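An overview of the molecular structure
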Amino acid sequence: MKNTYTNEPSRSAALAGALNRPGIEIIRYGLVIVLLWIGGMKFTSYEAAGIAPLEMHSPFVNWLYVLLGQRHISDLLGIIEIALGVGIALRYIFPLVSGIASLLSVGMFLTTLSFLFTTPGWEPTLGFPAISAMPGQFLLKDVVLLGAAIFTASEAFGAVHKSETSVERTESVTAGAR
């Protein structure tokens, strides 16, 4: 975008260009850090006990809680979160894997956001929009994580097409040189 008075690129366009790549990387690897960290915490008794009320009241997860118990479901969730974090981190090596891990994270965050409606604990005395620290404020961050997972899925799947095109171009140049 050019400034009509000076015929130079506008400062805001230059700033947007400079912030785009670091913003994308912070979104992606911030999501990775959160998944790895929270996934690692799932192996502690503290975290297993903390998420138990959410699991017990969820129609999506309750059956798993009954089947595996508090300790094992927490461990399973830890493994899943760590695997998703690693998958998303592989964006520059395997963009398809990163895109799939991001999509699976979308499903996970939608599930955890459903806990807002299935777990007792809303703050009734203050009225809307007051929510309790647990589960409300604890889970509210998942709205941002959901957006980050959707974005990283889109960006990674976009890179799959670009990497396939690059491979096809390389193969055709190599075949033409023979």
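Keep in mind that this is a model prediction, so the values were computed, not measured. Within every chain, residues take consecutive numbers counted from 1 along the sequence as written. In keeping with the model being predicted, local features are shown solely for residues with a pLDDT of at least 70 and side-chain atom pairs are shown and tallied solely at 80 or more, while totals for entire chains, interfaces and linings include all residues. Heavy atoms from the whole structure form the basis of all side-chain values; hydrogens and water molecules are not counted.

Only C-alpha atoms enter the line fits that serve as axes; for helices the fit covers just the stretch in contact. Angles between N-to-C directions range over 0 to 180 degrees. Helix and strand definitions here come from DSSP, where helices need a minimum of 4 consecutive H or I residues and strands a minimum of 2 consecutive E residues; each element is numbered from the N-terminal end. Two elements in contact, helix α2 (residues 45-57) and helix α3 (residues 62-89), have axes separated by 9 Å at closest approach and are oriented at 150°. In terms of axis orientation, α2 runs roughly antiparallel to α3. In this structure, the crossing between α2 and α3 has a hand that is right-handed. Side by side, α2 and α3 meet where Ser45, Glu47, Ala48, Ala49, Ile51, Ala52, Glu55 and Met56 of the first sit next to Asn62, Tyr65, Gln70, Arg71, Ile73, Ser74 and Leu77 of the second. An angle below 35 degrees is treated as roughly parallel, one above 145 as roughly antiparallel, one from 65 to 115 as roughly perpendicular, and anything else as oblique. By definition, turning the near helix anticlockwise from the far helix through less than a right angle yields a left-handed crossing, and turning it clockwise yields a right-handed one. In what follows, a contact means two residues having at least one pair of non-hydrogen atoms within 4.5 Å.

Moving on, we come to a nonpolar patch on the surface. Like charges are joined within 9 Å and nonpolar side chains (Val, Leu, Ile, Met, Phe, Trp, Tyr) within 5 Å, but only among residues with over 30% relative accessible area and no salt bridge; these make up the patches. For the accessible areas, the method is Shrake-Rupley and the probe is 1.4 Å, while residue cover comes only from the protein chains on display. For this analysis, a salt bridge means a side-chain nitrogen from Lys or Arg found within 4 Å of a carboxyl oxygen belonging to Asp or Glu. On the surface, Trp63, Leu67, Leu68, Leu76 and Ile80 cluster together into a nonpolar patch covering about 470 Å² of accessible area. By the secondary structure assignment, Ile80 is in helix α3. A simple rule labels every residue: compare its accessible area, found with a 1.4 Å probe on the protein chains alone, to the largest value its type can have, and call it buried under 20%, exposed over 50%, or partly exposed in between. The partly exposed category is assigned to Ile80, whose relative accessible area is 35%.

In this fold, Gly30 is placed in helix α1 (residues 11-41). The class for Gly30 is partly exposed, based on a relative accessible area of 28%. In sequence terms Gly30 and Gly85 are 55 residues apart; their C-alpha atoms lie 9.8 Å from each other.

Residues Leu31, Leu35, Ile88 and Phe109 are the most contacted members of the largest nonpolar core, which totals 23 residues. Secondary structure elements with two or more residues in this core: α1, α2, α3, α4 (95-118) and α5 (133-177). For Ile88, the residues in contact, after removing those within four places along its chain, are Arg28, Leu31, Val32, Leu35, Ser98, Ala101, Ser102 and Ser105. For the purposes of this section, nonpolar cores are sets of buried Ala, Val, Leu, Ile, Met, Phe, Trp, Tyr and Cys residues that join through side-chain atoms within 4.5 Å.

Here pLDDT means the predictor's own confidence in every residue, given as a number from 0 to 100. Considering every residue of the chain, the mean pLDDT works out to 86; 80% of them sit at 70 or more. Looking across the chain, the model is least confident in α5, with a mean pLDDT of 77, and most confident in α3, with 96.

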